[in-house]
Amino acid sequence: MELLQSLLLALIGVIGIPSLSLLSWAIYYDLYRSEIPPGFDSPLKLRGLHCLAIMAFTAGKCLELLGVCRQVAVIRFLQSFWNPRADPSLSSKDLHFDGVPVRVYQPKTPSAGPRKGFVFFHGGAGMVGSIAFYEDVCSKIAKETDSVVVSVGYRLSPQHLPPAQYKDCLAATIHLIQNAASHGVDPSKIIVGGDSAGGNYACIVAQKLVEISDLPKLRAQVIIYPYTQAMDLNLPSYQQNSSMPILFRENVAYFGLKYTGKDPSLLGQVLKGSHVPDSMRLKYGKWLSPDNLPERFKGRGYKQVPLAPYEPEAYRQLSETLEADFSCLFAEDTVIQKLPETLIVSCEYDVVRDDALLYKKRLEDNGVKVSWFHVENGFHGMINFFKGCIFAFPTAVELTDSIVDFVKNL
């Protein structure tokens, strides 16, 4: 409750309007815009969490319109109030790996030999999130798997446009591989992973590393509800969960445009897919086809929607979003087939659920060993809510436990 009170007080102090007005707007927006499917088992708790997010983003947008600061600056400020206590069984050090800030978590108990290493990339659309915000997640992984966990504080957009984010993640990972012994890590047992945008970076880092022949191979990758493509935002999950908190379909496109520094007026083209040339539709269509999804995921009112006619100007402005450095699903088979053993985590009520499922299919088709954990009552961003507050979700515990179990069994 102290955290929630702090967040609310910060919102009131920063934006300077009565809290009741801000809260009333958040409740109205949530009830008017959100559509929580009947099968979800904690709708009131999720609505409460969504209202807090709406209040934060509204405060940020107001300040941005007033010319005070960027919206993301307000979100980052509010996230800084989330300050979990360090686990007493772990030591943690703030370091720099090849110039990239990291926090290294290590069990205090002596180990008989080198430990596994887990390089974690946080989520947040490449614009928010931090090492501190993911303290609980990384501490749980380090403690319960007896591993060394490196949490990477990569540069954030819009101050640093992509590909700065994945390049920082790659640099930090390579540094750990090359200096594993000094951190008590076995260089042959290094894992990369992350959630949401961080899951995308983990995919890209793993793809880049298979092309570097003079480094030990990654032991595994852990991909948690990633976005993997920017071509088709009308897949079943995008329709079924289009208004499911806390990530709406239109916000996937909006945040993607803000992240890449593009004009938000391109939102319509992204949503309908008119930025995709015919040649790419032909090449990538076989990987994006709903036919690659199990039948169970094509219900709940899904209707196949073809991409809109191609608009060359839209492609000119958005072409990089269709490259493998952004849409990791589009990497060539020669790269995919060299990837390490993988855990993919997907959530039923997540707008980007099918991005994870399609990447899973590509890995399996190329002979990569894949473990899959599907959270039936899961939603996007839930990994941070497995403990310690009124917004804790039992399914978030299941999610984090699946990561722990996978790492322990490697």
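Residues numbered from 1 in each chain as written. Predicted model: local features only at pLDDT ≥ 70, side-chain atom pairs only at ≥ 80, totals over all residues. Heavy atoms only, no water.

Chemist: Residue-level account of helix H15 (residues 394-408), with values.
Modeler: Since one α-helical turn is 3.6 residues long, residues separated by three or four positions face the same way. Taking 1.5 Å of rise per residue, the 15 residues of H15 would be expected to cover 21 Å, and the 21 Å separating its terminal C-alpha atoms lies within 8% of that figure. Those residues of H15 lying buried are Thr-395, Ala-396, Leu-399, Thr-400, Ser-402, Ile-403, Val-404, Phe-406 and Val-407. In this structure, the buried residues of H15 make contact with strand E3 (115-121), helix H5 (135-145), strand E5 (185-195), strand E6 (220-224), strand E7 (341-349) and strand E8 (370-379). (Helix = DSSP H or I, 4+ residues; strand = E, 2+ residues; numbered from the N terminus. Expected span 1.5 Å × (residues − 1). Buried < 20%, exposed > 50% of the residue type's maximum accessible area, 1.4 Å probe, protein only. Contact = heavy atoms within 4.5 Å.)

Chemist: Talk me through the pairing of E6; I want residue IDs and the actual numbers.
Modeler: For E6, the tally of buried residues reaches five of five residues, placing the bulk of the element in the interior. By the alternation rule, side chains of E6 split into Ala-220, Val-222 and Ile-224 and Gln-221 and Ile-223, which are all buried. Crossover E5 to E6 through helix H7 (residues 197-209) is right-handed. As judged from the five bridges shared by E6 and E7, these two strands associate in the parallel manner. Bridged to Val-222 within E7 is Leu-343. (Right-handed = clockwise from strand over helix to strand, strands pointing away. Pairing = 2+ DSSP bridges.)

Chemist: Can you lay out helix H14 (residues 353-365) for me, pointing to particular residues and giving the numbers?
Modeler: Compared with an ideal rise of 1.5 Å per residue, which puts 13 residues at 18 Å, H14 spans 19 Å between its outermost C-alpha atoms and is within 8% of the ideal. The buried count for H14 comes to 10 of 13 residues, which makes it a mostly enclosed element. One or two steps after H14, the chain reaches Gly-367, where phi turns positive at roughly 80°.

Chemist: Any chance you could break down the pattern of salt bridges for me, citing the residues and the numbers?
Modeler: Within the structure shown, the criterion is met by 27 salt bridges. The shortest N-O distance in the salt bridge between Glu-64 and Lys-258 comes to 3.7 Å. Here the residue Glu-64 occupies a position in helix H3 (residues 43-65), and Lys-258 occupies one in helix H9 (residues 249-259), the gap between them amounting to 194 residues. On the basis of relative accessible area, Lys-258 is assigned to the partly exposed category, the value being 25%. Across the pair Arg-353 and Asp-354 runs a salt bridge whose closest N-O atoms are separated by 2.9 Å. For Arg-353, a relative accessible area of 1% translates into the label buried. Residue Asp-354 is classed as buried on the basis of its relative accessible area of 0%. (Salt bridge = Lys/Arg side-chain N within 4 Å of Asp/Glu carboxyl O.)

Chemist: Describe in detail the environment of Glu-320, supporting the description with residues and values.
Modeler: You can see Glu-320 is positioned in the loop between helix H12 (312-318) and helix H13 (333-336). For Glu-320, a relative accessible area of 30% translates into the label partly exposed. Distance from Glu-320 to Ala-56, taken between C-alpha atoms, is 30 Å for residues 264 residues apart in sequence. Ignoring sequence-local partners within four residues, the contact set of Glu-320 consists of Lys-262 and Phe-326.

Chemist: Give me the pairing of E3: which residues, what numbers.
Modeler: As a general feature of sheets, a regular strand has side chains that alternate between the two faces. Burial analysis of E3 places seven of its seven residues in the buried class, which makes it a mostly covered element. Bridge count between E3 and E5: six bridges; the pairing is parallel. By the bridge assignment for E5, Val-119 is matched with Val-192. The sheet contact formed by E3 and strand E4 (residues 148-152) spans five bridges and is parallel. Directly across from Gly-117, in E4, lies its bridge partner Val-148.

Chemist: Lay out the UniProt feature "active site" (unreviewed entry) in the chain in plain terms, naming residues and giving numbers.
Modeler: Listed under "active site" (unreviewed entry) in the UniProt record, and renumbered for this structure, are Ser-196, Asp-350 and His-380. A compact arrangement is adopted by the annotated residues: their sequence extent is 185 residues, whereas the largest C-alpha distance between any two is 10.6 Å. For Ser-196, the location among the structural elements is in the loop between E5 and H7. Looking at Ser-196, the relative accessible area reads 12%, which means it is buried. By secondary structure assignment, the location of His-380 is in the loop between E8 and H15. Within the structure, the side chain of His-380 is placed 2.8 Å from the side chain of Ser-196, a separation counted as a polar contact. (UniProt positions renumbered as here; feature names shortened; annotations may be inferred. Polar contact = N/O pair within 3.5 Å; in protein donor to acceptor, adjacent residues only side chain to side chain.)

Chemist: Provide a residue-level description of the side chain of Thr-400, including the pertinent values.
Modeler: In this structure, Thr-400 sits in helix H15. You can call Thr-400 buried: its relative accessible area is 4%. Here Val-397 takes part through its backbone oxygen, which lies 3.0 Å from a polar atom of the side chain of Thr-400.

Chemist: With reference to specific residues and values, describe the sheet that holds E4.
Modeler: Spatially, the eight strands line up as an open sheet ordered E1-E2-E4-E3-E5-E6-E7-E8, and their pairing is mixed. Looking along the sheet, the strands with just one partner apiece sit at the ends: strand E1 (90-97) and E8. This sheet shows a mean twist of 20° between the axes of neighbouring strands, independent of strand direction. One ladder, built from four bridges, connects strand E2 (residues 100-107) with E4; its direction is antiparallel. Bridged to Val-104 within E4 is Val-150. This element, H5, spans E1, E2, E3 and E4 of the sheet and lies at about 40° to E2. Those strands touched by helix H6 (residues 164-178) are E1, E2, E3, E4 and E5, and its axis lies near 160° from that of E5. (Axes fitted to C-alpha atoms, helices over the stretch in contact; angles between N-to-C directions.)

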